Amino acid sequence: MKILMVCLGNICRSPMAEGIMRDKINEYGLNAQVDSCGTADYHVGDSPDHRAQKTLKQHKSDISMLRGRQFQISDFDSFDLIFTMDDNNYGNIMALARNEEDEKKVEMIMNKAYPNENIPVPDPYYGGINGFEEVYQMLTLACDKIAIGIKN
Ligand code: 4NP
């Protein structure tokens, strides 16, 4: 199972989701891989935002080695599940889908915890450190559901 986490910049939410999901894969002993990317190219090659790194570190997780990259069409072939953080990311990725098979892989990540509610993971970039902790808590809930779904 190959999972792709998608946000706008790939320096805040989706690298956090990648780190959290990687820990869940290890915790549950799953045969799965996770990666992340952004819909935009603003932060290609950049490390995760220092606040994202700090928040994960407080929860004993290290995402310092991750680097930003932009979504590419071939990701539809490389990944089984594509989770977007908000409705903008969702719309942007769905607009790139080539067929129904691509479309079926794409889902708003919080729908794993709260089905059909389309709750966005708020962009913490312009706020303070507390926004990152909120994102961490939301993503932990969703990644746990994803892990349970893969295990069963
Ligand atoms: P992310 O947050 O999509 O969670 O990585 C953002 C990071 C950077 C920008 C916007 C959102 N930016 O405009 O540079």
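## Topic: the sheet that holds strand β2 (residues 33-38)
Then, in step 1: In space, the four strands of this open sheet follow the order β2-β1-β3-β4, with parallel pairing throughout. With partners counted over all chains shown, the strands left at the sheet margins are β2 and β4 (106-108), one partner each. Looking at each pair of strands side by side, their axes are set apart by 25° on average, direction ignored.
Then, in step 2: Pairing of strand β1 (residues 2-7) with β2, which is carried by six bridges, proceeds in the parallel orientation.

## Some words on the packing of aromatic side chains
Then, in step 1: Summed over the entire model, instances satisfying the criterion amount to two aromatic pairs.
Then, in step 2: Their ring planes at 80° and their centres at 5.2 Å tell us that F71 and F76 sit as a pair that is edge-to-face. For the pair formed by F71 and F76, the shared burial category is buried.
Then, in step 3: Ring geometry for Y125 versus Y126: centroids 4.8 Å apart, planes at 80°, classification edge-to-face.

## Some details on the site of the ligand
Then, in step 1: Within the structure, the ligand sits among C7, L8, G9, N10, I11, C12, R13, Y42, H43, D123, Y125 and Y126.
Then, in step 2: Within the contact set of the ligand, an oxygen atom lies 3.1 Å away from a backbone nitrogen or oxygen of I11.
Then, in step 3: Between H43 and the ligand, the recorded distance is 2.9 Å, taken from a side-chain N or O atom to an oxygen atom.
Then, in step 4: Split into classes, the residues belonging to the shell around the ligand amount to seven nonpolar, three polar and two charged.

## Some remarks on unusual backbone geometry
Then, in step 1: The phi angle at N10 is positive, at roughly 60°, despite the residue not being glycine.
Then, in step 2: Structurally, N10 is set in the loop between β1 and α1 (13-28).
Then, in step 3: Here N10 falls in the buried class, since its relative accessible area comes to 2%.

## Here's the deal with the nonpolar core
Then, in step 1: One finds M5, M16, M21, M85, I109 and L139 to be the most contacted residues of the largest nonpolar core, which totals 33 residues.
Then, in step 2: Elements supplying a minimum of two residues to this core: β1, α1, α2 (50-58) and α6 (129-151).
Then, in step 3: Of the residues forming this core, the biggest block, nine residues, is contributed by α6.
Then, in step 4: Once residues within four sequence positions are removed from consideration, M16 is found in contact with A52, T55, L56, I63, F132, V135, Y136 and L139.
Then, in step 5: With 10 residues, the next largest nonpolar core counts L4, V6, C37 and F71 among its residues.

## Details of the pattern of salt bridges
Then, in step 1: Enumeration over the complete set of coordinates arrives at nine salt bridges.
Then, in step 2: We note a salt bridge from E27 to K24, for which the minimum N-O separation is 3.7 Å. Taken together, the residues span about one helical turn, with E27 and K24 both in helix α1 at a distance of three residues.
Then, in step 3: Judged by relative accessible area, E27 falls into the exposed class, the value being 55%.
Then, in step 4: Residue K24 is classed as buried on the basis of its relative accessible area, which comes to 12%.

## Focus on the packing of α1 against α2
Then, in step 1: One way to put it is that α1 packs onto α2 with a least axis distance of 10 Å and a crossing angle of 20°. Relative to α2, α1 is oriented roughly parallel. Like other packed secondary-structure pairs, α1 and α2 cross with a definite hand, here right-handed. Between α1 and α2, the residues in contact are M16, G19 and I20 and A52, T55 and L56, respectively.

The rules behind each value
- Residues numbered from 1 in each chain as written.
- Predicted model: local features only at pLDDT ≥ 70, side-chain atom pairs only at ≥ 80, totals over all residues.
- Heavy atoms only, no water.
- Pairing = 2+ DSSP bridges.
- Helix = DSSP H or I, 4+ residues; strand = E, 2+ residues; numbered from the N terminus.
- Axes fitted to C-alpha atoms, helices over the stretch in contact; angles between N-to-C directions.
- Phe/Tyr/Trp six-rings, centres within 6.5 Å; stacked < 30°, edge-to-face > 60°.
- Buried < 20%, exposed > 50% of the residue type's maximum accessible area, 1.4 Å probe, protein only.
- Near = heavy atom within 4 Å.
- Polar contact = N/O pair within 3.5 Å; in protein donor to acceptor, adjacent residues only side chain to side chain.
- Nonpolar A, V, L, I, M, F, W, Y, C, P; charged D, E, K, R; others polar.
- Core = buried A, V, L, I, M, F, W, Y, C linked by side-chain atoms within 4.5 Å.
- Contact = heavy atoms within 4.5 Å.
- Salt bridge = Lys/Arg side-chain N within 4 Å of Asp/Glu carboxyl O.
- Parallel < 35°, antiparallel > 145°, perpendicular 65-115°, else oblique.
- Left-handed = near helix turned anticlockwise from the far one by under 90°.

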